[in-house]
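Structural characterization, general
Chain residues, written in single-letter form:
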Amino acid sequence: MPVRCLSLLHKCVILGLLSGLSTSSLAKPNDLTLNDKDYFSAQGVNYLVFSNWYNGLFSDSKMSGVELIQHGVRTATNGDVRLNSTPEQWDPIPQFIERKVDNKNHTVEAFLHYPEYNFNYSVKAQKFGDSIQISVNLQDKLPKELIGKAGFNMEFLPSVYQQKAFISEQHSGVLGIYPNGPKEQANVEPTILGSGKQLTLAPEDPEHRVSINSDIPINLYDGRSKAQNGWFVVRSLLPAEKTGAVLNWTITANTQDNWLREPVIGHSQVGYHPKQQKVAVIELDENDTAVKQAILLKVSANGDLIKKLSAVPTSWGQYQRYHYAKFDFSHVTEPGVYILQYGDVKTAAFRIASDVYQQAWHPTLDVYFPVQMDHVLVNEAYRVWHGASHLDDALQAPINTEHFDLYAQGPTTDSPYQPGEHVPDLNYGGWYDAGDYDIRTQTQYGAVLNLVQVWEQFAPQRDNTLVDYPARYVDLHVPDGKPDLLQQIEHGALALIGQHRAFGRAINGIIVPDISQYTHLGDGLTMTDNQIYDGTMQTLENDGKHSGKFDDRWAFTSRSSAVNYGSIAALTAAARALKGYNDALSQECAETATKAWLEEQSHAPFTFHHGNTTGGSLPSEQLKAAVELLVSSQDQQYVAAVKQLLPEIKQNFSHYIALAIRAMPYMGNKFKQTIRQLSQEYAKTLQQQNQVNPYGVEITDGGWAGNGTIINQAINHYYLHLAFPDLFSAEQVYSGLNYLYGTHPDSDISFVSNVGTKSKKVAYGMNRADYSFISGGIVPGVLLLKPDFPENKEDWPFLWGENEYVINLGASYIFLVNAVDQLLNTP
């Protein structure tokens, strides 16, 4: 709670502290400049000004406006005009018009508008000594409906500033680890923690101290009172009846003299097989010019560190904002426990051993997949992860509906059901899609396809989970005599086949209708009352099976041939895997898939598309279906279908590598020759691509980090190596896994929770409000913020583009680990 300054003497003391902090006690940055990447920079501090923009799909991703990077950590973002004191993800955001950079006058100015209010403005930043000055500029007066609503906000990261002090003219206090006071809502302002024209955050901490001086009052709020993913917000309301520069802030971030970011020794937290290459990638501050030795130390049983190798790392060059060097210790093959050292920095221990990968996929299959299972209770020893949720699935979504999470229903239902009518056969099978609880069909069939490939390629018999469908009960670490992988394939297939039973085809997905349900962070069981909605009942009325509470999930059913083809592919594959395990389901899946293929082939494709919920591209989904049907039947109609899609394969070969190679045994020599030629061309492209960064993988730069691309590319290289070992080295498979395990930018952490010595312990799963993790979950990884900042936060789970688990990524990860282990341990 803030401590109010009740006396004039106290106020004078506070003003004196503020004055001192804003001048002499703040260490001077070295020559703040507007650099050639168009952001303000000095040693230890960067100010980005609209280098990044609000996410086009998911609105406010906490990566836009004016942003502060202090001592190598992005600690503040979203410096922009907003219409709420503590905005949530879906609250209004402006539209971007343009950004102008004036290097001569050291200014960056962004022009924006809120079209619904006909409100235009600009945010201008300019160098002001060792600080930056932010102004909000209006050509016209603030619209009347925005008076008291529009303000300039800047958001500060709670994980950095909690348990730190703040000092303002009228208040001082400590920012707590948990919010207090009312949240912002209609006619209720959130609690003001600090106010005045001067504010200092973390005055006692030279690493994070920031001061803001304003020509109009500023308030400090705690956005966590409104949402667990809220930030601390500093805000000034824009004045009415004024034009020109209506607001001026001066922001001064403290910097420590001659600050250098600590080196990061990128390496595999899991370790290395003796046969594979072992290369640490050392990430260095661009000002770190000291030449140091890298050392490989073997750890003895009594704790002695025995030097096995030392050398000056080989300089690789610049990537993004850092300099990189490589330390190759491949010729060290002796099994044991090791540590890497560079200067004063030491890594955690890792192993060199022939069995390092044999158990690395177990947490994903043993824990992550069962925890994500919908429609069943999931127990683990003394803990219940969640109850048997969504047993009231699902209602037909209303027509002409655009959902906030990228689903949409078109002008008709395209189904036998009326809007709001209960749809049977949807309340079993399937996994929670990601950190939320929806059944996104594209994710479901992607996971099934990858799991079937694991089964057919490696046939792991691991049994560590009890699945009891009659009881809707799952118990972790309790074997039941059945291969866990087949049980997960069965669970995914049940969700897919249920859609075909109800609609005669696949649908786009199932999700809660209301945003208050969607943001739910508790047990999935409590999202709905598990009773089928009956509109004739009162809200609190129920008969044990039906209720008047309108909380059932919606089924989005606008026809998409792409989604249907993807489902056909997964059902076909599941039928093969389940034969001999669940013969009745296997037969139904096979017959349903064949019938659905013939139906789709009988008419022009349905091309309804919205967001990321209506499947991949039509040719890609059709090719998946054709290949799986071909593998199952070797029927000539599917040979013809694959041949028909050959121009698409040629045009986008890197997307279809695994499918093309899996089809080769059934397609004849001419097809194989074509695929070899395409592979040769791809090998040349890959060689160039591997020079882009020091990690030898493709690091994407979109709003969702690239671990999925890296895993899929490594799987492609596995198939290429099997088919054309003269063209592709197995090391091109291993590099993807090394990246995942810690050989990546920003840190050396493993992106697979509970796999590797140091792994993700804070992630965007269903338990993210507890700053926790789910064992075996894989996060998206390092996000590349424009123009040059790699980031993955381990102290803040709520950045979904960096930290959100996704079920299909877990399936492809299981495949990759088994592939690497097979390549390294097969004679």
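All values derive from a computational prediction rather than experimental measurement.

A few words on the overall build of the chain. Helix and strand counts for the chain come out as 17 helices and 41 strands. Radius of gyration (C-alpha) of the chain: 28 Å, near the 28 Å computed for a compact globule of 827 residues. Counting only C-alpha atoms and orienting by the principal axes, one finds that the chain spans roughly 85 × 75 × 55 Å. A buried classification covers 61% of the 827 residues belonging to the chain. Long-range contacts, defined as pairs at least 24 residues apart, comprise 69% of the intrachain contacts of the chain with a sequence gap of at least 6. Counting every atom, the chain has about 31,600 Å² of accessible surface; 50% of that belongs to carbon and sulfur. Averaging the locations of the 62 positively and 88 negatively charged side chains of the chain gives two centres separated by 5 Å.

With that out of the way, let us pick up the sheet that holds strand β23 (residues 314-319). Taken in spatial order, the four strands line up as β18-β20-β24-β23 in an open sheet, and their pairing is antiparallel. With one partner strand each, in any of the chains shown, β18 (264-266) and β23 form the two edges of the open sheet. Sheet twist, expressed as the average angle between the axes of neighbouring strands with direction ignored, equals 25°. Bridging between β18 and strand β20 (residues 279-284) involves three bridges; their strand directions are antiparallel. Residue pairing in the sheet places I265 in a bridge with I282 of β20.

Moving on, we come to the nonpolar core. Counting residues in hydrophobic clusters, the biggest one holds 148 residues, and the most contacted among them are I489, I675, Y741 and Y813. By residue number, the principal contributor to this core is helix α17 (residues 807-825), which donates 12 residues. Not counting residues within four places of it along the chain, the set of residues in contact with Y813 comprises A360, W361, T364, I711, L737, L740, Y741, V752, V755 and I778. Formed by 57 residues, the second largest nonpolar core is a distinct cluster that contains L199, V210, V234 and L247.

Here V108 lies in strand β8 (residues 107-114). In the structure, V108 is positioned 11 residues away from I97 in sequence and 14 Å away in space, judged by C-alpha atoms. Apart from residues no more than four positions distant in its own chain, V108 is found in contact with L34, D38, F40, V49, R99, K100, V101, V123, K124 and A125.

With that out of the way, let us pick up the sheet that holds strand β33 (residues 439-440). Paired through their backbone hydrogen bonds, the strands of a sheet run either parallel or antiparallel. In spatial order, the strands read β30-β39-β36-β33; together these four strands make up an open sheet with mixed pairing. Looking at the sheet topology across the chains shown, the edges are occupied by β30 (395-396) and β33.

Our focus in this paragraph is the pattern of salt bridges. According to the stated counting rule, one finds 31 salt bridges in the structure shown. Here E628 makes a salt bridge to R662, at a shortest N to O gap of 2.7 Å. With a gap of 34 residues between them, E628 in helix α9 (residues 618-633) and R662 in helix α12 (residues 653-663) connect regions that are remote in the sequence. Like R662, E628 is buried. The structure contains a network of salt bridges with shared partners spanning D60, K62, R82 and E155.

This part takes up helix α14 (residues 707-723). In this model, α14 (17 residues) spans 24 Å end to end at C-alpha, consistent with the 24 Å of a helix rising 1.5 Å per residue. Extensive coverage of α14 is indicated by the burial of 12 of its 17 residues. The complete set of buried residues in α14 reads N707, I710, I711, Q713, A714, I715, N716, H717, Y718, Y719, L720 and H721. Packed against the buried residues of α14 are α4 (441-458), α12, α13 (669-689), α15 (731-740) and α17.

What follows covers unusual backbone geometry. Of note, the amide linkage connecting D393 to A394 takes the cis form, showing an omega dihedral of -10°. Positionally, A394 belongs in the loop between β29 (383-386) and β30. Omega for the bond connecting K786 with P787 falls within 30 degrees of zero, at 0°, which places this linkage in the cis form. Along the chain, the position of P787 falls in the loop between β40 (783-785) and β41 (789-791). Of note, D414 is a non-glycine position whose phi angle comes to about 55°, a positive value. Looking at where D414 falls in the secondary structure, it is placed in the loop between β32 (408-409) and β33. Here D414 falls in the partly exposed class, since its relative accessible area comes to 35%. Not every positive phi belongs to a glycine, and Y771 is a case in point at roughly 50°. With respect to the helices, strands and loops of the structure, Y771 is situated in the loop between α15 and β40. Its relative accessible area of 30% is what places Y771 among the partly exposed residues.

The next subject is the packing of aromatic side chains. Enumeration over the complete set of coordinates arrives at 44 aromatic pairs. Arranged with centres 5.5 Å apart and planes meeting at 85°, the rings of Y272 and F329 form a pair that is edge-to-face. Taken as a pair, Y272 in strand β19 (residues 271-272) and F329 in the loop between β24 (322-328) and β25 (336-342) lie far apart in primary sequence, 57 residues in all. Of the two residues, Y272 and F329, both sit in the buried class.

Taking 1.5 Å of rise per residue, 20 residues should cover 28 Å, and helix α5 (residues 484-503) covers 29 Å from first to last C-alpha, within 8% of that figure. Within α5, 19 of the 20 residues are buried, leaving the element largely enclosed by the surrounding structure. Phi turns positive, to about 80°, at G504, one or two residues after α5.

Only one face of strand β34 (residues 465-468) is covered, namely the face carrying T465 and V467; the face carrying L466 and D468 is uncovered. Inspection of the sheet shows β34 paired to strand β35 (residues 473-476) by four bridges, in the antiparallel sense. Bridging across to β35, D468 finds its partner in Y473. Counting the residues between successive antiparallel strands, the hairpin from β34 to β35 contains four residues, one of them, R472, with a positive phi of roughly 50°.

Relative to the helices and strands, Q409 resides in strand β32. In this structure the side chain of Q409 is engaged in a polar contact, spanning 2.9 Å, whose partner is the backbone oxygen of T412. Within the structure, Q409 has its side chain in polar contact with the side chain of S558 (distance 3.1 Å). Those residues in contact with Q409 that sit more than four places away from it in its chain are Q396, A397, P398, I399, N400, T401, A555, F556, T557 and S558.

So, about the packing of α4 against α9. Two elements in contact, α4 and α9, have axes whose closest approach is 13 Å; the angle formed by their N-to-C orientations is 35°. As for the relative orientation of α4 and α9, their crossing is left-handed in sense. Contact residues: Q442, Y445 and L449 in α4; E621, K624 and E628 in α9. A breakdown of the residues in the contact of α4 with α9 according to their chemical character gives two nonpolar, one polar and three charged.

Another aspect to go through is the confidence of the model for the chain. Here the chain shows a mean pLDDT of 94. Residues at 70 or above account for 96%. Scored below 50 in pLDDT, residues 1-29 makes 57 contacts in the model with residues more than four places away or belonging to other chains.

Conventions we followed
- Chains are numbered independently. Their residues run from 1 in the order of the written sequence.
- It should be noted that, the model being predicted, local features are given only for residues of pLDDT at least 70 and side-chain atom pairs only at 80 or more, the latter also being counted only at that level, while totals for whole chains, interfaces and linings use all residues.
- Derived side-chain values reflect all non-hydrogen atoms in the structure, with water molecules and hydrogen atoms excluded from consideration.
- Every helix listed is a DSSP run of H or I at least four residues long, and every strand listed is a run of E at least two residues long, numbered separately from the N terminus.
- Two things to know: the radius of gyration comes from C-alpha atoms, and the globule rule equals 2.2 Å times the number of residues to the power 0.38.
- Only protein chains enter the accessibility calculation, which uses a 1.4 Å probe. A residue is then buried if its area is under 20% of the maximum for its type, exposed if over 50%, and partly exposed in between.
- Residue contacts are defined here by distance: any two heavy atoms, one from each residue, within 4.5 Å place the two residues in contact.
- Here, Shrake-Rupley sampling with a 1.4 Å probe gives the accessible areas, and only protein chains in the shown set may cover a residue.
- When charges are counted, Lys and Arg are positive and Asp and Glu negative, with His and the chain ends excluded.
- A charge is said to be at NZ when it belongs to Lys, at CZ for Arg, at CG for Asp and at CD for Glu.
- Strands pair, by our definition, only if DSSP identifies at least two bridges between them.
- Axis geometry follows a simple rule: fit a line to the C-alpha atoms, using only the stretch in contact for helices, then measure angles between N-to-C directions, giving values from 0 to 180 degrees.
- To qualify as a nonpolar core, a set must consist of buried Ala, Val, Leu, Ile, Met, Phe, Trp, Tyr and Cys residues joined through side-chain atoms within 4.5 Å.
- Salt bridges are defined as contacts in which a side-chain nitrogen from Lys or Arg sits within 4 Å of a carboxyl oxygen from Asp or Glu.
- Here, expected helix span is obtained from the residue count minus one, scaled by 1.5 Å.
- Two rings from Phe, Tyr or Trp (for Trp, the six-membered ring) form a pair when their centres are within 6.5 Å of each other. A pair whose planes differ by under 30 degrees is stacked, one over 60 is edge-to-face, and the rest are tilted.
- N or O atoms within 3.5 Å of each other form a polar contact, as long as, within protein, one can give a hydrogen and the other can take it, and as long as residues adjacent in sequence are counted only when both atoms are side-chain atoms.
- Here a crossing is taken to be left-handed if its near helix is turned anticlockwise relative to the far helix by less than a right angle, and right-handed if that turn runs clockwise.
- Amino acid classes used here: Ala, Val, Leu, Ile, Met, Phe, Trp, Tyr, Cys and Pro are nonpolar; Asp, Glu, Lys and Arg are charged; the rest, including Gly, are polar.
- The predictor reports its confidence for every residue as pLDDT, a score running from 0 up to 100.

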